[in-house]
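Letter by letter, the chains look like this.
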Amino acid sequence: MIPRPLVFQFARLITTTAKASRKRLVHPRSSVFPATMDKPIAKQNYDFFLVLDFEATCQPSPRIDPQEVIEFPCLKVNAATFKIESEFHRYVRPVHHPTLTSFCTELTGITQETVDESETFPAVLAAFEQWHAAHVPAGTRALFVTYGDWDLKTMLPSQCRLSGVAVPAYMNAWCNTKHLVADVTGSYPRAMDKLMQELNLPLLGRHHSGIDDCRNIARIVELMCRRGGVVKETGSSADGDAEQGTARAGEGLQT
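Just so you know, these numbers come straight off a predicted model, no measurement behind them. (Residues numbered from 1 in each chain as written. Predicted model: local features only at pLDDT ≥ 70, side-chain atom pairs only at ≥ 80, totals over all residues. Heavy atoms only, no water.)

(A) View of the overall build of the protein. When helices and strands are counted, the protein shows nine helices and seven strands. Counting all 255 residues of the protein, 55% fall into the buried class. Taking the intrachain contacts of the protein between residues at least 6 apart in sequence as the baseline, contacts between residues at least 24 apart amount to 78%. Element-wise, carbon and sulfur atoms account for 51% of the exposed surface of the protein, whose accessible area totals about 11,100 Å². (Helix = DSSP H or I, 4+ residues; strand = E, 2+ residues; numbered from the N terminus. Buried < 20%, exposed > 50% of the residue type's maximum accessible area, 1.4 Å probe, protein only. Contact = heavy atoms within 4.5 Å. Areas by Shrake-Rupley, 256 points an atom, 1.4 Å probe, with all protein chains shown as cover.)

So this is what it looks like as structure tokens:
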């Protein structure tokens, strides 16, 4: 997803951050940005946005290698109304490092019991492809939306190579939400929770919960589109190396 803070700084802050994120703050969006959220949504070039945010095995140091997906969430969002029309959400059992670190559990809220009871990545990806086929009809225009490039440029190709499965062709292009925010505000954002504070958008759920992050990304994108933003493809698997940073919990962290 994103450029991230230095992992050692993040490790020092993780206890405070995780405690705060345990509080599930749910506020009606209309009370947050009543004027802006009442503005019409700018006409988009897609029918649907597929908001995705992986979580992965992690630790502050040394680096976990290979890193593996442990949460696979995706929201189908109507590009005209921003209504969430369907949701895919599965946890994933890691194979190469099957035991989660305490750092990973504290950061993401994902427990050892949860991953132990889950299927491995090939089965979860197959389930996602079935969901995609059922909910994204052929001929419709859909684009993946992430917060950063890590999810689809780095983590998915790496996980697919590790699992011996192909990357679905429709997952080779995406919109990095940070570029949309920069287009609208003139400032390139970094950490998602910091951006939401700047936008006066309360954080819904737990930061670094993949499914909660998806919902918060969708709200950021909606706000930008109500300020005249137009979602467009900003990255593809052919663009080269993904942006680097302190991982999602060690490597790949979408902050």
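(B) Broad picture of the nonpolar core. Residues Phe49, Val51, Val145, Ile220, Val221 and Val231 are the most contacted members of the largest nonpolar core, which totals 30 residues. Elements that contribute at least two residues to this core include exactly β1 (48-52), β3 (69-78), β5 (142-146), α7 (177-185), α8 (192-198) and α9 (210-226). Broken down by element, the residue count for this core peaks at nine residues, all from α9. Those residues in contact with Val145, other than ones at most four positions away along the chain, are Phe49, Leu50, Val51, Leu52, Cys175, Thr177, Ile217, Val221 and Val231. In this structure, Leu50, Ala56, Val92 and Trp131 belong to the second largest nonpolar core, which totals 24 residues. (Core = buried A, V, L, I, M, F, W, Y, C linked by side-chain atoms within 4.5 Å.)

(C) Spotlight on the confidence of the model for the protein. Per-residue confidence for the protein gives a mean pLDDT of 85; residues scoring 70 or more make up 79%. pLDDT under 50 marks residues 1-35. Its contacts with residues more than four places away, or in other chains, come to 90 contacts. pLDDT under 50 marks residues 240-252. Its contacts with residues more than four places away, or in other chains, come to 58 contacts. (pLDDT = per-residue confidence, 0-100.)

(D) Highlighting the environment of Pro94. Tracing the backbone through its elements, the reader meets Pro94 in the loop between β4 (84-91) and α3 (102-108). Filtering out sequence-adjacent residues up to four positions away, Pro94 remains in contact with Thr57, Glu68, Ile70, Leu100 and Val115.

(E) Local environment of the packing of aromatic side chains. Summed over the entire model, instances satisfying the criterion amount to eleven aromatic pairs. Seen from their ring centres, Phe72 and Phe88 are 5.5 Å apart, and the 75° between their planes marks the pair as edge-to-face. Of this pair, Phe72 sits in strand β3 while Phe88 sits in strand β4, and the two are 16 residues apart along the sequence. Comparing Phe72 with Phe88 shows no difference in burial state: the two are buried. (Phe/Tyr/Trp six-rings, centres within 6.5 Å; stacked < 30°, edge-to-face > 60°.)

(F) How the structure looks around α9. For α9, with 17 residues, the first-to-last C-alpha span of 24 Å sits near the 24 Å given by 1.5 Å per residue. Taking burial as the measure, the 17 residues of α9 include 16 buried ones, the bulk of the element. In the segment just after α9, Gly228 is the residue with positive phi, at about 100°. (Expected span 1.5 Å × (residues − 1).)

(G) Structural detail: the packing of helix α5 (residues 121-135) against helix α6 (residues 150-163). It is the contact of α5 with α6, at a shortest axis distance of 10 Å, that shows an interaxial angle of 120°. Accordingly, the angle class assigned to the pair α5 and α6 is oblique. Contact residues: Phe121, Pro122 and Leu125 in α5; Leu156, Gln159, Cys160 and Ser163 in α6. Classifying every residue of the contact of α5 with α6 gives five nonpolar, two polar and no charged. (Axes fitted to C-alpha atoms, helices over the stretch in contact; angles between N-to-C directions. Parallel < 35°, antiparallel > 145°, perpendicular 65-115°, else oblique. Nonpolar A, V, L, I, M, F, W, Y, C, P; charged D, E, K, R; others polar.)

(H) Inspection of the state of the cysteines at higher detail. According to the stated counting rule, one finds zero disulfides in the structure shown. Free cysteine Cys104: the closest other cysteine sulfur is in Cys58, separated by 3.5 Å. Here Cys225 is not cross-linked by a disulfide; its sulfur's nearest cysteine counterpart is in Cys175, at 8.5 Å. (Disulfide = S-S within 2.5 Å.)

(I) Representation of the packing of α7 against α9 in the model. Between α7 and α9, the shortest axis-to-axis distance is 10 Å and the interhelical angle comes to 30°. Between α7 and α9, the interaxial angle falls into the category roughly parallel. Here the hand of the crossing between α7 and α9 comes out left-handed. Side by side, α7 and α9 meet where Thr177, Leu180, Val181, Val184 and Thr185 of the first sit next to Ile217, Ile220, Val221 and Met224 of the second. Taken together, the residues of the contact of α7 with α9 sort by class into seven nonpolar, two polar and no charged. (Left-handed = near helix turned anticlockwise from the far one by under 90°.)

(J) Up close: the environment of Arg206. With respect to the secondary-structure elements, Arg206 resides in the loop between α8 and α9. Between the C-alpha atom of Arg206 and that of Asn216, which follows or precedes it by ten residues, the distance is 9.8 Å.

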